[in-house]
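Residues per chain, in single letters:
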Amino acid sequence: MWRRNLKSLTSVWPSARQSCVARPPKASQEAVCQLVLVARSQRYGIQKRFKSTVAAVASNPSDLRSTWGSPSFDIDKMATLLDHDNHDMRKEFRQFVSDPVMIPKYNISLFEERDIALKRLKRICDAGFISVLDFKNNPLRIFAAHELAAIIDPAMTTKMTVQFNLFGGTVLKLGTERHHSKLLKGIDTLDDMGCFGLTELGYGNNAVEMETSAIYDKNTKEFIINSPTTLAQKYWITNGAMHAKHCVVFAQLIVDGENHGIHGILVPIRDDNLKVMPGVRVEDMGYKMGLNGVDNAKLFFDNVRVPRENLLNRYSDVSADGTFTTSIKSNRARFLTVADQLLSGRICIASMSQGGAKAALTIAIRYAATRLTVGPKGKSDTAILKYQLQQRSILPLLANTYAINFGLDYVKDRWAFQKTDGSEHAEVVTLCCVIKPMASWNLEEIVSVARERCGGQGYLSCNRFGTFIGLAHAAMTAEGDNSVLMQKVAKERLAVLKPSTLEAPNPKDIDNPAYLHHLLQRRELSLFACLGKNLQKAGKQGVFETWMYQESDLIQAASKAFGERLLSEQFAAAIENADVSLKPVLSQLYHLFLLDTIEKNLAWMLMHGGLSLPAGDKVNALAAQLCDQISPQALALCDAFDITDTMLSAPIALNWVDFNAYDNQGEVPQKSNVDP
């Protein structure tokens, strides 16, 4: 029966992928699992169950994956294109983290989960894969580390982004030599673990109104840090509950009774033995819906005194006699400057989301290519990836993820290489604010859809969709609520967008990607024009009410239209510059991305966007056709993400048959389980 099933599959799809375009052999976790399972049975006398059934139905899902045919493109070249930068570092990082100690554990305590996250981060730091000085020397390396680390352990990566971006990056950029000489080395080694105290219980998006105060005492030459009310407690402080020794506390700086706005001050919260300092109260926030390896805390300061030199003084300073000096004249501008590290933080979060999206897609598509169920003759001989239901659910998300990859690469470059005169900064701010929502919303949709499309297997913790759902929801909220960021995007775009006339390219047909891109451009301009007119009509007195109470849907739609047009533009540019062998499949993915975007906004396109009813009627059918054409390449397109088996560590992406031949207790086998 098994041979008949395999023959049926190979009659539909071409023979095994050619070795000339396959990725180099990698240490397979499937092989590790096989050895572990054999050793377990020998050591504990466990008998293999259902042996005859397993042999009859599926001996190895990897054999089924090989029946999907040869890639139409060079996988190595596609991987190089997607990686974008730091190729050697990325290769070494993948090899380094493809170690059994990185395999997830699930049935563990909160303490152990946090301890594992810290130890994994320590391994990465000790190996030199990330440094706070990368922000000066190679900022793209920071983002590469975030994308790859998030595949392994999003909780660990969340600790990493606070340590190196929010805490470390703030010390580097807002501090001076007196801070750098004391902390930068310890930041890299984790000897000086830190946290970022911006958000307060009562002040999140309106952090400029925070209550925490830093009052200068001229007599002792100290700042007195105080949390005057319950709402002033620092909230959701990553690394704060267990591991941080330092906190960059953002507070209202008050000198001689005058408030000079928000500034960052280094406050010790633990000593070298990790004992909480006097006057500091730390409360553990406990279990969350995900990322429980992150030790989040609530922090309170009861008139804690710190030396004057603890003020991060690159732009503002207070002399010993209490004289305040600054190179930034307004309180608002100073706040934006001290909070500037949130911009690179948004790229870090977008990179983490992209890593999670690639992993979740790979898991779902690998499983869909090997899960056999009812075929034309009623036999279980057809992979579910052949079904239109599976294709239409997952493959547009694959196209979207490729689009976000190219959009994110563009934003990373714009942030890292912007002109030093500040002339590009406003545009870079907008780009950072739009890419995080686009990437994290994409991750959330992928893991929700993929979990459902993988059925009951998707509900098991060990198959990792739950982990990535936790990452998605954290990413949608951290360092700026997505929808609130989109409000900022709309505000900034309105300030620079000028009316223009767009000429539709020929042919004006949905088979023409250039025409579909034109429709996205037209939608963006139209939505912003409508928003601008409504605000103008409201007048100065009515702006707040119009913006906050009346036009929220229009604001969100316009901002997302900007993001979609940006992704389309960068996808087209990537195809233009890609190796010739990659262009056909990338063009298919790009076309599918455009159609999927049009389909999501089809009502608007038909009513306002110039798309004819006959053309609109064809969108769904053409998208389905493209999904069918792309499906034989789906595995290879995921292989181009270059995620090793150990990095995935999801049984349904590996040999899920052998995994279920034993009492696995929902845990992926660990190397230590078979050590003598």
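Above this text sits the structure in question.
All values reported here derive from a predicted model rather than from experimental measurement.

A. Expanded view of the nonpolar core. Met 78, Tyr 402, Phe 571 and Leu 611 are the most contacted members of the largest nonpolar core, which totals 170 residues. For this core, the element with the highest residue contribution is helix H13 (residues 341–370), accounting for 16 residues. Not counting residues up to four positions away in its chain, the partners in contact with Met 78 are Phe 73, Tyr 402, Leu 582, Val 585, Leu 586, Leu 637 and Ala 640. If you look at the next biggest cluster of nonpolar residues, it comprises 25 residues, including Cys 195, Ile 225, Val 280 and Val 306.

B. Summary view of the sheet that holds strand E7 (residues 280–284). The sheet built from three strands is open, its strands ordered E4-E8-E7 with antiparallel pairing. Edge positions in the sheet fall to strand E4 (234–238) and E7, since each of these pairs with one other strand and no more. Across this sheet, the average inter-strand angle for adjacent strands is 35 degrees, counted without regard to direction.

C. Broad picture of empty space enclosed by the protein. Throughout the structure, instances matching the rule amount to three cavities of 30 Å³ or more. By volume, the second largest cavity amounts to about 70 Å³. Considering the residues around the second largest cavity, the lining is formed by Leu 174, Ile 262, His 263, Gly 264, Leu 312, Tyr 315, Ser 316, Ile 328, Arg 334, Thr 337 and Val 338. Secondary-structure elements contributing two or more residues to the lining of the second largest cavity are strand E6 (258–268) and helix H12 (331–338). Here the lining of the second largest cavity is composed, by residue class, of six nonpolar, four polar and one charged.

D. Inspection of the side chain of His 179 at higher detail. Relative to the elements of secondary structure, His 179 occurs in helix H11 (residues 177–189). By relative accessible area, which is 3% here, His 179 ends up buried. The contacts of His 179, once residues within four sequence positions are left out, are Val 171, Leu 184, Leu 266, Glu 309, Asn 310, Leu 311, Leu 312 and Asn 313.

E. The packing of helix H19 (residues 513–550) against helix H21 (residues 583–600), seen in detail. Between H19 and H21, whose axes approach to 10 Å, the crossing angle comes to 35 degrees. Regarding H19 and H21, the two cross each other, and that crossing is left-handed. Mapping the contact onto sequence places Pro 513, Leu 516, His 517, Leu 519 and Leu 520 in H19 and Tyr 590, His 591, Leu 594, Leu 595, Thr 597 and Ile 598 in H21. Considered class by class, the residues forming the contact of H19 with H21 number eight nonpolar, three polar and no charged.

Conventions used here
- Residues numbered from 1 in each chain as written.
- Predicted model: local features only at pLDDT ≥ 70, side-chain atom pairs only at ≥ 80, totals over all residues.
- Heavy atoms only, no water.
- Core = buried A, V, L, I, M, F, W, Y, C linked by side-chain atoms within 4.5 Å.
- Buried < 20%, exposed > 50% of the residue type's maximum accessible area, 1.4 Å probe, protein only.
- Helix = DSSP H or I, 4+ residues; strand = E, 2+ residues; numbered from the N terminus.
- Contact = heavy atoms within 4.5 Å.
- Pairing = 2+ DSSP bridges.
- Axes fitted to C-alpha atoms, helices over the stretch in contact; angles between N-to-C directions.
- 1 Å grid on protein atoms, 1.4 Å probe; cavity = no way out; pocket = protein on both sides within 12 Å on 5 of 7 lines; lining within 4 Å.
- Points joined across faces, edges and corners; volume = space filled by probe spheres on them.
- Nonpolar A, V, L, I, M, F, W, Y, C, P; charged D, E, K, R; others polar.
- Left-handed = near helix turned anticlockwise from the far one by under 90°.

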